[in-house]
Amino acid sequence: QAWQDQVPTLPYDRAMAAQAAERMALARRLREALDKREFELHFQPIHRLSDDRVVAVEALLRWRQHDGGYVPPDVFVPLAEASGLILPIGQWVLEEAARSHGRLAGRGLDHVAIAVNVSAVQLLTEGLSEAIVGLQRKYGLPAGALHVELTESVVLRRPQAARVGMLQLRAAGVRISIDDFGTGFSSMAYLRDLPLDCLKIDRSFVRQVHADERNASICRALIALARGLGLGTIAEGVESAEELEWLRRNGCEQAQGYHLGRPVPLERLLDSIGGPG
Ligand code: C2E
Ligand code: CA
Ligand code: CA
Ligand code: CA
């Protein structure tokens, strides 16, 4: 009878059921979120470490709630991917990013690229590069204005199809970064074989890199690997001056993180980095 007390079957099942119900309710509201204009893009600056200039910004999707709060993308993006909603949502993200680049250009910041997160479903669906070319024309974007960030899961599931999609993006003048590198089932073969421009060092490796010898080893190796393959490097999640200095000294090219700037709406970004106007 003692062991029965230690197996909390019922409360556990109830918690699971409650969680599943919550996810279903969220998925239902997600379906209406586009029509209700509940999405926003926030932008986080990416700095070049040789001269500290902002060379790009990463567009991060936000889902605004009635109470003014936000559902984090880690929660709703997987739901959107599972339901196929990521296609119209992803299209909205691309259009909003393109429109935002036009506004950057209006402030003399047309050299600042916008990096957009693109999910597997989007890359593997026909027409992504055509959609981007269409937006480049519609908003008069210079070549290289939009970058795309892909995670390794995309590439590993269907490497051949991913390769085709990536070559089309490249042909449209889009630079491609591999996101969260080293956190999943990384493969050296795809780093070698796929058309990539840049490797993003996950923030779990950047944390305390100046003091944590294990993370320092990983970062040094990733920077050397990227350089050997002719790829750029962007460190994410830089939260302190010490981490930033370590990365600069060790040859990392670019960095983003709370220490350099949090993701903010375009207006606020323009206030902080925007020139006159
Ligand atoms: P990600 O692409 O790895 O984006 C970086 C995440 O780290 C962002 O979380 C950003 O706000 C956060 N971050 C930036 N600097 C720091 C820092 O110094 N410290 C810490 N602790 N965190 C930092 P966010 O905005 O919650 O996005 C989470 C994930 O959701 C993204 O991870 C990306 O995978 C996904 N996501 C966001 N926007 C989109 C989108 O438009 N489309 C798709 N498919 N996925 C998106
Ligand atoms: Ca990203
Ligand atoms: Ca990342
Ligand atoms: Ca991530």
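Residues numbered from 1 in each chain as written. Chains lettered and ligands numbered in written order. Predicted model: local features only at pLDDT ≥ 70, side-chain atom pairs only at ≥ 80, totals over all residues. Heavy atoms only, no water.

Asks: Looking at this structure, how should I read the coordination of the calcium ion (ligand 2)?
Replies: Coordination angles at a metal have ideal targets, namely 109.5 degrees for four tetrahedral donors and 90 or 180 degrees for six octahedral donors. Bound to the calcium ion (ligand 2) on the protein side are Glu58 (OE), Asn117 (OD1), Glu149 (OE) and Asp179 (OD), at distances that span 2.2 to 2.3 Å. In the primary structure, the donors to the calcium ion (ligand 2) are separated according to the pattern E-x58-N-x31-E-x29-D. In this structure the calcium ion (ligand 3) is found 4.1 Å away from the calcium ion (ligand 2), and Asp179 serves as a bridging donor for the pair. Note that Asn117 is positioned in strand S4 (residues 113-117) and Asp179 in strand S6 (residues 175-181), a separation of 62 residues in sequence. For Asn117, a relative accessible area of 31% puts it in the partly exposed group. Take Asp179: its relative accessible area is 6%, and that puts it in the buried class. (Donors = N, O, S within 2.8 Å, 3.2 Å for Na, K, Ca; no water. Helix = DSSP H or I, 4+ residues; strand = E, 2+ residues; numbered from the N terminus. Buried < 20%, exposed > 50% of the residue type's maximum accessible area, 1.4 Å probe, protein only.)

Asks: I tried to follow the nonpolar core on my own but got confused; where do I start?
Replies: What tends to happen in soluble globular proteins is that the nonpolar side chains get buried as a cluster. Counting residues in each nonpolar core, the largest one holds 76 residues, and the members touching the most others are Leu30, Ile114, Leu123 and Met166. If one sorts the elements of this core by residue count, helix H4 (residues 86-106) sits on top with 7 residues. Setting aside chain neighbours within four positions, we find Ile114 in contact with Phe43, Val57, Ala59, Ala97, Ser100, His101, Leu104, Ala145, Leu146 and His147. Core analysis: the second largest hydrophobic core is formed by 5 residues, Ile46, Ala56, Ala113 and Cys198 among them. (Core = buried A, V, L, I, M, F, W, Y, C linked by side-chain atoms within 4.5 Å. Contact = heavy atoms within 4.5 Å.)

Asks: What's the story with the coordination of the calcium ion (ligand 3) in this structure? I'm lost.
Replies: Here the calcium ion (ligand 3) is held by Asp179 (OD), Asp180 (OD), Glu236 (OE) and Glu236 (OE), and the distances to it run 2.1 to 2.4 Å. Here the donor residues for the calcium ion (ligand 3) map to a single chain with the spacing D-D-x55-E. Among the residues examined, Asp180 registers a relative accessible area of 25% and is labelled partly exposed.

Asks: Before we go on, may I ask you to explain the site of ligand 1 in this structure?
Replies: Lining the immediate environment of ligand 1, one finds 21 residues, of which Gln44, Arg62, Arg203, Glu239 and Tyr258 sit closest. In this structure, a nitrogen atom belonging to ligand 1 sits 3.1 Å away from a main-chain N or O atom of Leu61. One nitrogen or oxygen atom from the side chain of Asp180 is found 3.3 Å from an oxygen atom belonging to ligand 1. About the coverage of ligand 1: the protein hides 85% of its 800 Å² of free accessible area. Using a 2 Å cut-off from the grid points, one finds that ligand 1 occupies the largest pocket. If you list the elements that add at least two residues to the shell around ligand 1, you get strand S2 (54-64), helix H3 (73-83) and S6. Sort the elements by how many residues they give to the shell around ligand 1 and S2 lands first, with 4 residues. (Near = heavy atom within 4 Å. Polar contact = N/O pair within 3.5 Å; in protein donor to acceptor, adjacent residues only side chain to side chain. Areas by Shrake-Rupley, 256 points an atom, 1.4 Å probe, with all protein chains shown as cover. 1 Å grid on protein atoms, 1.4 Å probe; cavity = no way out; pocket = protein on both sides within 12 Å on 5 of 7 lines; lining within 4 Å. Sits in = over half its atoms within 2 Å of the grid points.)

Asks: Is there a simple way to explain the packing of H4 against helix H13 (residues 266-273) in this structure?
Replies: Packed helices, taken two at a time, are described by the angle between their axes plus the distance between the axes. Two elements in contact, H4 and H13, have axes separated by 11 Å at closest approach and are oriented at 25°. Regarding the angle of H4 to H13, the classification is roughly parallel. The two elements H4 and H13 meet at a crossing, and its hand is right-handed. Facing Ser100, Arg103 and Leu104 of H4, the residues of H13 in contact are Leu266, Glu267, Leu269 and Leu270. For the contact of H4 with H13, a count of residues per class yields 4 nonpolar, 1 polar and 2 charged. (Axes fitted to C-alpha atoms, helices over the stretch in contact; angles between N-to-C directions. Parallel < 35°, antiparallel > 145°, perpendicular 65-115°, else oblique. Left-handed = near helix turned anticlockwise from the far one by under 90°. Nonpolar A, V, L, I, M, F, W, Y, C, P; charged D, E, K, R; others polar.)

Asks: What should I look at first to understand helix H6 (residues 128-138) in this one?
Replies: Inspection of H6 places Leu128, Ser129, Ile132, Leu135 and Gln136 among the buried residues, and these make up the whole buried set. One face of H6 carries all of its buried residues, which in axial projection span an arc of 120°. Turned more than 90 degrees from where H6 packs its buried face, Arg137 and Lys138 sit exposed. Summarising the contacts, the buried residues of H6 are in contact with H4, helix H5 (120-123), strand S5 (146-151) and helix H8 (159-171). (Arc of directions from axis to C-beta.)

Asks: Explain the layout of surface pockets to me, please; I cannot follow it from the model alone.
Replies: Unoccupied space between atoms shows up once a probe the size of one water molecule is rolled over them. The volume enclosed by the largest pocket comes to roughly 1,400 Å³. Around the largest pocket, the lining comprises 45 residues; the ones closest to its centre are Leu60, Asp74, Asn117, Asp179 and Asp180. Those elements that provide at least two residues to the lining of the largest pocket are strand S1 (39-48), S2, H3, H4, H5, S5, helix H7 (152-157) and S6. Tallied by class, the residues present in the lining of the second largest pocket amount to 4 nonpolar, no polar and 4 charged. (Points joined across faces, edges and corners; volume = space filled by probe spheres on them.)

Asks: What is the right way to read the side chain of His42 from this model?
Replies: By the secondary structure assignment, His42 is in strand S1. Within polar-contact distance, the side chain of His42 engages the side chain of Glu40 at 2.8 Å. Apart from residues no more than four positions distant in its own chain, His42 is found in contact with Glu58, Ala59, Leu60, Arg62, Tyr70, Pro263, Val264 and Pro265.

Asks: Hey, could you run me through the pattern of salt bridges in this one?
Replies: Side chains that differ in sign of charge can pair as their charged atoms come close. The final tally for this structure, using the stated rule, is 14 salt bridges. Measuring nitrogen to oxygen at the nearest pair gives 2.7 Å for the salt bridge that ties Lys200 to Glu149. You can see Lys200 sitting in strand S7 (residues 198-201) and its partner Glu149 sitting in strand S5, a full 51 residues away along the chain. For the salt bridge of Lys200 with Glu236, the shortest nitrogen-to-oxygen distance reads 3.8 Å. Note that Lys200 is positioned in strand S7 and Glu236 in the loop between strand S8 (232-235) and helix H12 (241-249), a separation of 36 residues in sequence. Neither Lys200 nor Glu236 differs from the other in exposure class; each is buried. (Salt bridge = Lys/Arg side-chain N within 4 Å of Asp/Glu carboxyl O.)

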